Amino acid sequence: MSKKKGVAILGSTGSIGIKALAIIATYPDYFDVQVLTGYRKAELLIQQALKLQPNTVVVVDENEYKKVNEALWAADIHVYSGKAALNQVLESGEIELVLNAISGFAGIAPTIAAINAKKQVALANTESILIAGEFVTKLAKQKGVNIYPINSKQSSIFQSLIGEFHNKIEKIYLTTKKGRLQNSDAEYIQKVTQEEFLIPSTSFKEAKSRIDSANMMHAGFTAIEAKWLFNLQPSQIEILVHEQGIIGSLVQFEDGALKAQLGLSNMNIAIQFALTYPERFRANFPRFNFMEHLELDFTEPNPVLLQNIELAFYAIEQGGTSACVLNAANDVAVEAFLSHKINFSEISQLNNDILKSTKVIKNPIYDDYVRSDFATRQATLKLL
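Predicted, not measured: the structure shown is a model, and the values here were computed from it.

## Some thoughts on the pairing of strand E9 (residues 237-242)
Here's step 1: Across the 6 residues that make up E9, a large majority, 5, are buried.
Here's step 2: Two elements, strand E8 (residues 169-176) and E9, share 5 bridges in a ladder whose sense is parallel. Within the sheet, the bridge partner assigned to leucine 174 lies in E9 and is isoleucine 239.
Here's step 3: Sheet analysis places E9 next to strand E12 (residues 298-299), joined by 2 bridges and oriented antiparallel. By the bridge assignment for E12, valine 241 is matched with threonine 299.

What follows is the structure, encoded as C-alpha coordinates:
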(Lines give C-alpha, C1' and ligand atoms only; values in the text may rest on other atoms or scores of the structure.)
Protein backbone atom coordinates (compact mmCIF):
# COMPACT_ATOMS: atom_id res chain seq x y z
CA MET A 1 0.00 0.00 0.00
CA SER A 2 1.14 3.55 -0.70
CA LYS A 3 1.84 6.11 2.01
CA LYS A 4 -0.86 6.36 4.65
CA LYS A 5 -3.23 9.33 4.53
CA GLY A 6 -2.28 11.82 7.23
CA VAL A 7 -5.40 13.16 8.94
CA ALA A 8 -6.28 15.72 11.57
CA ILE A 9 -9.54 15.21 13.48
CA LEU A 10 -10.88 18.47 14.89
CA GLY A 11 -13.46 17.87 17.59
CA SER A 12 -12.44 14.27 18.14
CA THR A 13 -14.32 14.05 21.46
CA GLY A 14 -17.71 14.93 19.92
CA SER A 15 -20.18 12.46 18.45
CA ILE A 16 -18.97 12.77 14.85
CA GLY A 17 -15.33 12.80 15.90
CA ILE A 18 -15.84 9.58 17.86
CA LYS A 19 -17.52 7.95 14.86
CA ALA A 20 -14.69 9.09 12.59
CA LEU A 21 -12.06 7.59 14.89
CA ALA A 22 -13.96 4.29 15.00
CA ILE A 23 -13.89 4.18 11.19
CA ILE A 24 -10.19 5.08 11.13
CA ALA A 25 -9.43 2.32 13.63
CA THR A 26 -11.02 -0.16 11.22
CA TYR A 27 -8.43 0.70 8.55
CA PRO A 28 -5.12 1.12 10.42
CA ASP A 29 -3.07 0.55 7.26
CA TYR A 30 -4.75 3.42 5.44
CA PHE A 31 -4.86 6.31 7.93
CA ASP A 32 -2.16 8.03 9.98
CA VAL A 33 -3.73 10.24 12.63
CA GLN A 34 -1.47 13.26 13.00
CA VAL A 35 -3.63 15.61 15.09
CA LEU A 36 -6.47 15.26 17.56
CA THR A 37 -8.27 18.23 19.08
CA GLY A 38 -10.97 18.65 21.68
CA TYR A 39 -12.44 21.46 23.70
CA ARG A 40 -12.46 20.32 27.31
CA LYS A 41 -13.20 16.56 27.54
CA ALA A 42 -9.67 15.94 28.77
CA GLU A 43 -10.05 12.32 29.87
CA LEU A 44 -11.52 11.18 26.57
CA LEU A 45 -8.97 13.17 24.58
CA ILE A 46 -6.17 11.52 26.56
CA GLN A 47 -7.62 8.05 25.93
CA GLN A 48 -7.90 8.72 22.20
CA ALA A 49 -4.34 10.04 22.02
CA LEU A 50 -2.82 7.11 23.89
CA LYS A 51 -4.62 4.68 21.58
CA LEU A 52 -3.85 6.40 18.26
CA GLN A 53 -0.49 8.00 19.08
CA PRO A 54 -0.88 11.22 17.08
CA ASN A 55 2.01 13.60 16.71
CA THR A 56 0.02 16.48 18.19
CA VAL A 57 -2.94 17.06 20.51
CA VAL A 58 -4.67 20.39 21.07
CA VAL A 59 -7.00 20.95 24.02
CA VAL A 60 -8.70 24.26 23.37
CA ASP A 61 -9.65 24.93 27.00
CA GLU A 62 -6.39 26.18 28.47
CA ASN A 63 -7.50 25.08 31.96
CA GLU A 64 -7.18 21.46 30.80
CA TYR A 65 -3.70 21.83 29.31
CA LYS A 66 -1.71 20.69 32.36
CA LYS A 67 -3.75 17.52 32.81
CA VAL A 68 -3.48 16.53 29.15
CA ASN A 69 0.19 17.43 28.84
CA GLU A 70 1.19 15.44 31.91
CA ALA A 71 -0.76 12.39 30.72
CA LEU A 72 0.80 12.42 27.24
CA TRP A 73 4.32 13.60 28.01
CA ALA A 74 5.73 10.09 28.40
CA ALA A 75 4.16 9.08 25.06
CA ASP A 76 6.14 11.85 23.33
CA ILE A 77 2.97 13.51 22.04
CA HIS A 78 3.13 17.28 21.59
CA VAL A 79 0.35 19.05 23.48
CA TYR A 80 -0.87 22.60 22.88
CA SER A 81 -3.83 24.65 24.06
CA GLY A 82 -5.92 27.57 22.85
CA LYS A 83 -7.76 28.50 19.66
CA ALA A 84 -4.65 29.88 17.95
CA ALA A 85 -2.82 26.57 18.38
CA LEU A 86 -5.80 24.73 16.90
CA ASN A 87 -5.35 26.60 13.63
CA GLN A 88 -1.54 26.62 13.61
CA VAL A 89 -1.07 22.84 13.91
CA LEU A 90 -2.92 22.36 10.62
CA GLU A 91 0.09 23.69 8.75
CA SER A 92 1.97 20.42 9.30
CA GLY A 93 3.23 18.89 6.06
CA GLU A 94 2.20 15.44 7.29
CA ILE A 95 -1.50 16.34 7.18
CA GLU A 96 -3.35 15.64 3.94
CA LEU A 97 -6.96 15.71 5.15
CA VAL A 98 -8.62 17.73 7.92
CA LEU A 99 -11.93 16.44 9.28
CA ASN A 100 -13.66 19.35 10.98
CA ALA A 101 -16.26 18.08 13.45
CA ILE A 102 -16.21 21.14 15.70
CA SER A 103 -19.70 22.28 16.59
CA GLY A 104 -21.03 25.78 15.97
CA PHE A 105 -19.52 29.10 14.94
CA ALA A 106 -16.21 28.08 16.53
CA GLY A 107 -15.63 25.65 13.66
CA ILE A 108 -15.50 28.30 10.94
CA ALA A 109 -11.99 29.64 11.68
CA PRO A 110 -10.40 26.13 11.64
CA THR A 111 -12.07 25.43 8.27
CA ILE A 112 -10.51 28.61 6.90
CA ALA A 113 -7.14 27.72 8.44
CA ALA A 114 -7.22 24.26 6.87
CA ILE A 115 -8.01 25.71 3.46
CA ASN A 116 -5.27 28.31 3.77
CA ALA A 117 -2.88 25.47 4.61
CA LYS A 118 -4.08 23.77 1.39
CA LYS A 119 -5.44 20.68 3.12
CA GLN A 120 -8.42 18.77 1.78
CA VAL A 121 -11.40 19.22 4.10
CA ALA A 122 -13.96 16.66 5.26
CA LEU A 123 -16.58 19.02 6.64
CA ALA A 124 -19.08 18.22 9.36
CA ASN A 125 -19.18 21.78 10.71
CA THR A 126 -22.29 23.05 8.92
CA GLU A 127 -21.76 26.63 10.08
CA SER A 128 -18.70 26.94 7.86
CA ILE A 129 -21.00 26.73 4.82
CA LEU A 130 -24.32 27.94 6.26
CA ILE A 131 -22.86 31.14 7.73
CA ALA A 132 -19.67 31.70 5.74
CA GLY A 133 -20.28 29.66 2.59
CA GLU A 134 -19.59 32.52 0.21
CA PHE A 135 -16.16 33.21 1.69
CA VAL A 136 -15.20 29.59 2.40
CA THR A 137 -16.06 28.19 -1.04
CA LYS A 138 -14.38 31.09 -2.83
CA LEU A 139 -11.23 30.57 -0.75
CA ALA A 140 -11.28 26.80 -1.38
CA LYS A 141 -11.43 27.42 -5.13
CA GLN A 142 -8.52 29.86 -4.93
CA LYS A 143 -6.40 27.39 -2.94
CA GLY A 144 -7.34 24.32 -4.98
CA VAL A 145 -8.90 22.62 -1.96
CA ASN A 146 -11.74 20.10 -2.15
CA ILE A 147 -14.52 20.11 0.45
CA TYR A 148 -16.09 16.73 1.14
CA PRO A 149 -19.41 17.28 2.96
CA ILE A 150 -20.35 15.06 5.86
CA ASN A 151 -23.84 16.50 6.37
CA SER A 152 -26.10 13.71 5.10
CA LYS A 153 -28.08 15.84 2.62
CA GLN A 154 -25.01 17.47 1.10
CA SER A 155 -23.14 14.15 1.04
CA SER A 156 -26.01 12.57 -0.91
CA ILE A 157 -25.72 15.33 -3.54
CA PHE A 158 -21.96 14.94 -3.67
CA GLN A 159 -22.22 11.18 -4.14
CA SER A 160 -24.78 11.62 -6.94
CA LEU A 161 -22.45 14.03 -8.75
CA ILE A 162 -19.46 11.70 -8.90
CA GLY A 163 -18.69 11.13 -12.54
CA GLU A 164 -20.99 14.02 -13.44
CA PHE A 165 -18.92 17.06 -12.43
CA HIS A 166 -18.59 18.10 -16.09
CA ASN A 167 -22.37 17.96 -16.61
CA LYS A 168 -24.56 20.91 -15.76
CA ILE A 169 -27.14 20.60 -12.99
CA GLU A 170 -30.65 21.61 -13.94
CA LYS A 171 -32.17 21.24 -10.49
CA ILE A 172 -31.54 19.71 -7.10
CA TYR A 173 -34.41 18.40 -5.00
CA LEU A 174 -33.62 18.46 -1.31
CA THR A 175 -35.77 16.29 0.90
CA THR A 176 -36.84 16.81 4.47
CA LYS A 177 -38.65 14.34 6.69
CA LYS A 178 -42.33 14.81 7.44
CA GLY A 179 -42.39 17.04 10.51
CA ARG A 180 -44.96 17.02 13.27
CA LEU A 181 -46.66 20.11 11.80
CA GLN A 182 -46.76 19.07 8.14
CA ASN A 183 -50.53 18.53 8.21
CA SER A 184 -51.40 21.29 10.67
CA ASP A 185 -53.34 24.47 9.89
CA ALA A 186 -52.44 28.04 10.85
CA GLU A 187 -54.76 28.05 13.86
CA TYR A 188 -53.15 24.96 15.37
CA ILE A 189 -49.60 26.19 14.67
CA GLN A 190 -50.41 29.46 16.42
CA LYS A 191 -51.14 27.45 19.59
CA VAL A 192 -48.16 25.08 19.51
CA THR A 193 -46.57 24.91 22.95
CA GLN A 194 -42.99 24.54 24.10
CA GLU A 195 -43.83 21.22 25.72
CA GLU A 196 -44.35 19.60 22.31
CA PHE A 197 -40.60 19.86 21.72
CA LEU A 198 -39.40 19.05 25.22
CA ILE A 199 -38.99 15.75 26.99
CA PRO A 200 -37.15 15.13 30.26
CA SER A 201 -33.44 15.95 29.97
CA THR A 202 -33.86 17.59 26.54
CA SER A 203 -30.98 19.96 25.87
CA PHE A 204 -31.43 23.31 24.15
CA LYS A 205 -29.59 21.95 21.12
CA GLU A 206 -31.98 18.99 20.84
CA ALA A 207 -35.07 21.15 21.32
CA LYS A 208 -33.84 23.67 18.76
CA SER A 209 -33.21 20.91 16.24
CA ARG A 210 -36.82 19.72 16.63
CA ILE A 211 -38.17 23.24 16.27
CA ASP A 212 -36.02 24.01 13.21
CA SER A 213 -37.29 20.82 11.63
CA ALA A 214 -40.93 21.50 12.49
CA ASN A 215 -41.01 25.07 11.13
CA MET A 216 -38.88 24.20 8.06
CA MET A 217 -35.93 26.37 9.07
CA HIS A 218 -33.65 23.34 8.87
CA ALA A 219 -34.80 22.72 5.30
CA GLY A 220 -34.06 26.34 4.47
CA PHE A 221 -30.60 26.12 5.98
CA THR A 222 -29.94 22.98 3.95
CA ALA A 223 -30.81 24.91 0.79
CA ILE A 224 -28.31 27.64 1.70
CA GLU A 225 -25.56 25.06 2.23
CA ALA A 226 -26.35 23.38 -1.11
CA LYS A 227 -26.19 26.72 -2.90
CA TRP A 228 -22.60 27.36 -1.82
CA LEU A 229 -21.27 23.81 -1.94
CA PHE A 230 -22.58 23.14 -5.45
CA ASN A 231 -22.67 26.65 -6.95
CA LEU A 232 -26.44 26.73 -7.46
CA GLN A 233 -28.96 29.46 -8.21
CA PRO A 234 -32.15 29.66 -6.09
CA SER A 235 -34.20 28.51 -9.10
CA GLN A 236 -32.17 25.28 -9.14
CA ILE A 237 -33.21 24.25 -5.62
CA GLU A 238 -36.54 22.74 -4.61
CA ILE A 239 -37.54 21.28 -1.25
CA LEU A 240 -39.76 18.21 -0.94
CA VAL A 241 -41.17 16.43 2.10
CA HIS A 242 -40.14 12.77 1.99
CA GLU A 243 -41.82 10.74 4.69
CA GLN A 244 -39.58 7.66 4.63
CA GLY A 245 -36.28 9.57 4.70
CA ILE A 246 -34.62 7.13 2.29
CA ILE A 247 -33.62 9.64 -0.39
CA GLY A 248 -31.59 12.59 0.84
CA SER A 249 -31.64 14.45 -2.47
CA LEU A 250 -32.19 14.06 -6.20
CA VAL A 251 -29.97 15.66 -8.82
CA GLN A 252 -31.58 16.45 -12.16
CA PHE A 253 -29.37 17.09 -15.19
CA GLU A 254 -30.07 19.05 -18.36
CA ASP A 255 -31.26 15.98 -20.23
CA GLY A 256 -33.88 15.33 -17.57
CA ALA A 257 -32.11 12.35 -15.99
CA LEU A 258 -32.30 12.08 -12.20
CA LYS A 259 -29.71 10.56 -9.87
CA ALA A 260 -30.25 9.89 -6.19
CA GLN A 261 -28.36 8.27 -3.36
CA LEU A 262 -30.67 5.93 -1.44
CA GLY A 263 -30.06 4.34 1.91
CA LEU A 264 -30.89 4.10 5.57
CA SER A 265 -30.15 7.16 7.65
CA ASN A 266 -26.55 6.50 8.70
CA MET A 267 -24.05 9.29 9.30
CA ASN A 268 -21.22 6.75 9.25
CA ILE A 269 -21.52 6.31 5.49
CA ALA A 270 -21.05 10.04 4.87
CA ILE A 271 -18.15 10.20 7.33
CA GLN A 272 -16.37 7.20 5.83
CA PHE A 273 -16.83 8.39 2.27
CA ALA A 274 -15.42 11.81 3.13
CA LEU A 275 -12.40 10.13 4.75
CA THR A 276 -11.71 7.64 1.96
CA TYR A 277 -12.77 9.59 -1.15
CA PRO A 278 -12.46 8.78 -4.03
CA GLU A 279 -12.47 5.17 -2.82
CA ARG A 280 -15.26 3.24 -1.13
CA PHE A 281 -14.17 0.82 1.58
CA ARG A 282 -16.10 -2.22 2.66
CA ALA A 283 -18.11 -1.61 5.83
CA ASN A 284 -20.60 -3.52 7.97
CA PHE A 285 -23.18 -0.74 8.13
CA PRO A 286 -26.85 -1.88 7.91
CA ARG A 287 -28.03 -2.46 4.33
CA PHE A 288 -31.14 -0.99 2.71
CA ASN A 289 -33.88 -3.52 1.95
CA PHE A 290 -36.27 -2.52 -0.84
CA MET A 291 -38.86 -5.02 0.37
CA GLU A 292 -39.17 -3.10 3.61
CA HIS A 293 -39.76 0.18 1.76
CA LEU A 294 -42.14 -0.56 -1.09
CA GLU A 295 -43.34 3.04 -1.28
CA LEU A 296 -41.41 6.29 -1.37
CA ASP A 297 -43.72 9.28 -0.88
CA PHE A 298 -43.04 12.92 -1.73
CA THR A 299 -45.20 15.96 -1.01
CA GLU A 300 -44.74 19.72 -1.01
CA PRO A 301 -44.08 21.46 2.33
CA ASN A 302 -47.07 22.71 4.30
CA PRO A 303 -47.83 26.17 2.80
CA VAL A 304 -48.40 27.53 6.32
CA LEU A 305 -44.75 26.79 7.11
CA LEU A 306 -43.14 28.34 4.04
CA GLN A 307 -41.93 31.61 5.58
CA ASN A 308 -38.61 30.25 6.88
CA ILE A 309 -37.90 28.54 3.55
CA GLU A 310 -38.65 31.80 1.76
CA LEU A 311 -36.30 33.64 4.10
CA ALA A 312 -33.54 31.14 3.32
CA PHE A 313 -33.99 31.73 -0.40
CA TYR A 314 -33.99 35.48 0.23
CA ALA A 315 -30.65 35.06 2.03
CA ILE A 316 -29.30 33.09 -0.93
CA GLU A 317 -30.28 35.89 -3.31
CA GLN A 318 -28.81 38.60 -1.10
CA GLY A 319 -25.54 36.76 -0.43
CA GLY A 320 -22.92 38.40 1.77
CA THR A 321 -23.70 38.14 5.48
CA SER A 322 -27.44 37.47 4.99
CA ALA A 323 -27.31 33.80 6.01
CA CYS A 324 -25.21 34.73 9.03
CA VAL A 325 -27.93 37.18 10.08
CA LEU A 326 -30.70 34.62 9.56
CA ASN A 327 -28.86 31.96 11.56
CA ALA A 328 -28.16 34.31 14.49
CA ALA A 329 -31.70 35.71 14.54
CA ASN A 330 -33.16 32.20 14.49
CA ASP A 331 -30.98 31.11 17.42
CA VAL A 332 -32.33 33.97 19.54
CA ALA A 333 -35.91 33.53 18.32
CA VAL A 334 -35.99 29.82 19.15
CA GLU A 335 -34.55 30.47 22.61
CA ALA A 336 -37.20 33.17 23.13
CA PHE A 337 -39.91 30.66 22.22
CA LEU A 338 -38.53 28.05 24.60
CA SER A 339 -38.45 30.75 27.31
CA HIS A 340 -42.16 31.53 26.70
CA LYS A 341 -41.39 35.05 25.42
CA ILE A 342 -42.93 34.56 21.97
CA ASN A 343 -45.29 32.05 20.38
CA PHE A 344 -44.28 29.49 17.76
CA SER A 345 -45.39 31.44 14.68
CA GLU A 346 -43.50 34.50 15.90
CA ILE A 347 -40.17 32.70 15.40
CA SER A 348 -40.37 33.07 11.63
CA GLN A 349 -41.79 36.59 11.93
CA LEU A 350 -38.87 37.66 14.10
CA ASN A 351 -36.46 36.08 11.63
CA ASN A 352 -38.13 38.04 8.85
CA ASP A 353 -38.06 41.37 10.67
CA ILE A 354 -34.37 41.10 11.52
CA LEU A 355 -33.23 39.76 8.15
CA LYS A 356 -35.14 42.35 6.12
CA SER A 357 -33.96 45.28 8.28
CA THR A 358 -30.26 44.38 8.58
CA LYS A 359 -27.72 45.83 6.19
CA VAL A 360 -25.91 43.14 4.23
CA ILE A 361 -22.12 43.18 4.08
CA LYS A 362 -21.11 42.21 0.57
CA ASN A 363 -17.94 40.18 -0.13
CA PRO A 364 -17.42 39.48 3.57
CA ILE A 365 -14.28 38.24 5.26
CA TYR A 366 -14.19 36.20 8.46
CA ASP A 367 -14.24 39.22 10.78
CA ASP A 368 -17.38 40.49 9.05
CA TYR A 369 -19.19 37.27 9.97
CA VAL A 370 -18.04 37.58 13.59
CA ARG A 371 -19.30 41.16 13.86
CA SER A 372 -22.52 40.39 12.03
CA ASP A 373 -23.31 37.42 14.26
CA PHE A 374 -22.81 39.48 17.43
CA ALA A 375 -24.70 42.54 16.17
CA THR A 376 -27.64 40.42 14.97
CA ARG A 377 -28.02 38.66 18.29
CA GLN A 378 -28.05 41.99 20.10
CA ALA A 379 -30.57 43.49 17.65
CA THR A 380 -32.86 40.47 17.96
CA LEU A 381 -32.79 40.61 21.74
CA LYS A 382 -33.73 44.29 21.64
CA LEU A 383 -36.63 43.59 19.28
CA LEU A 384 -38.03 41.10 21.78
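What follows continues from the structure just given.
## Some points on the environment of isoleucine 169
Here's step 1: Along the chain, isoleucine 169 falls in strand E8.
Here's step 2: Sequence separation of isoleucine 169 and valine 98 is 71 residues, and the distance between their C-alpha atoms is 28 Å.
Here's step 3: Ignoring anything within four residues of it in the chain, the contact list for isoleucine 169 reads Leu161, Leu232, Gln236, Val251 and Gln252.

## Considering the nonpolar core
Here's step 1: Counting 116 residues, the largest nonpolar core has Val57, Leu99, Ile224, Leu275, Leu326 and Phe344 as the members making the most contacts within it.
Here's step 2: Here this core gets 10 residues from one element, more than from any other, and that element is helix H14 (residues 322-338).
Here's step 3: Contacts of leucine 326, omitting those with residues within four sequence positions, involve Met217, Phe221, Ile224, Leu311, Ala312, Ala315, Asn351 and Leu355.

## Digging into the pattern of salt bridges
Here's step 1: Counted according to the given criterion, the structure contains 11 salt bridges.
Here's step 2: Note that glutamate 164 is salt-bridged to lysine 259, the shortest N-O span being 3.4 Å. Taken as a pair, glutamate 164 in the loop between helix H8 (152-161) and E8 and lysine 259 in strand E11 (residues 258-262) lie far apart in primary sequence, 95 residues in all.
Here's step 3: Residue class for glutamate 164 comes out buried when judged on its relative accessible area of 17%.

Thresholds applied
Residues numbered from 1 in each chain as written. Predicted model: local features only at pLDDT ≥ 70, side-chain atom pairs only at ≥ 80, totals over all residues. Heavy atoms only, no water. Buried < 20%, exposed > 50% of the residue type's maximum accessible area, 1.4 Å probe, protein only. Helix = DSSP H or I, 4+ residues; strand = E, 2+ residues; numbered from the N terminus. Pairing = 2+ DSSP bridges. Contact = heavy atoms within 4.5 Å. Core = buried A, V, L, I, M, F, W, Y, C linked by side-chain atoms within 4.5 Å. Salt bridge = Lys/Arg side-chain N within 4 Å of Asp/Glu carboxyl O.

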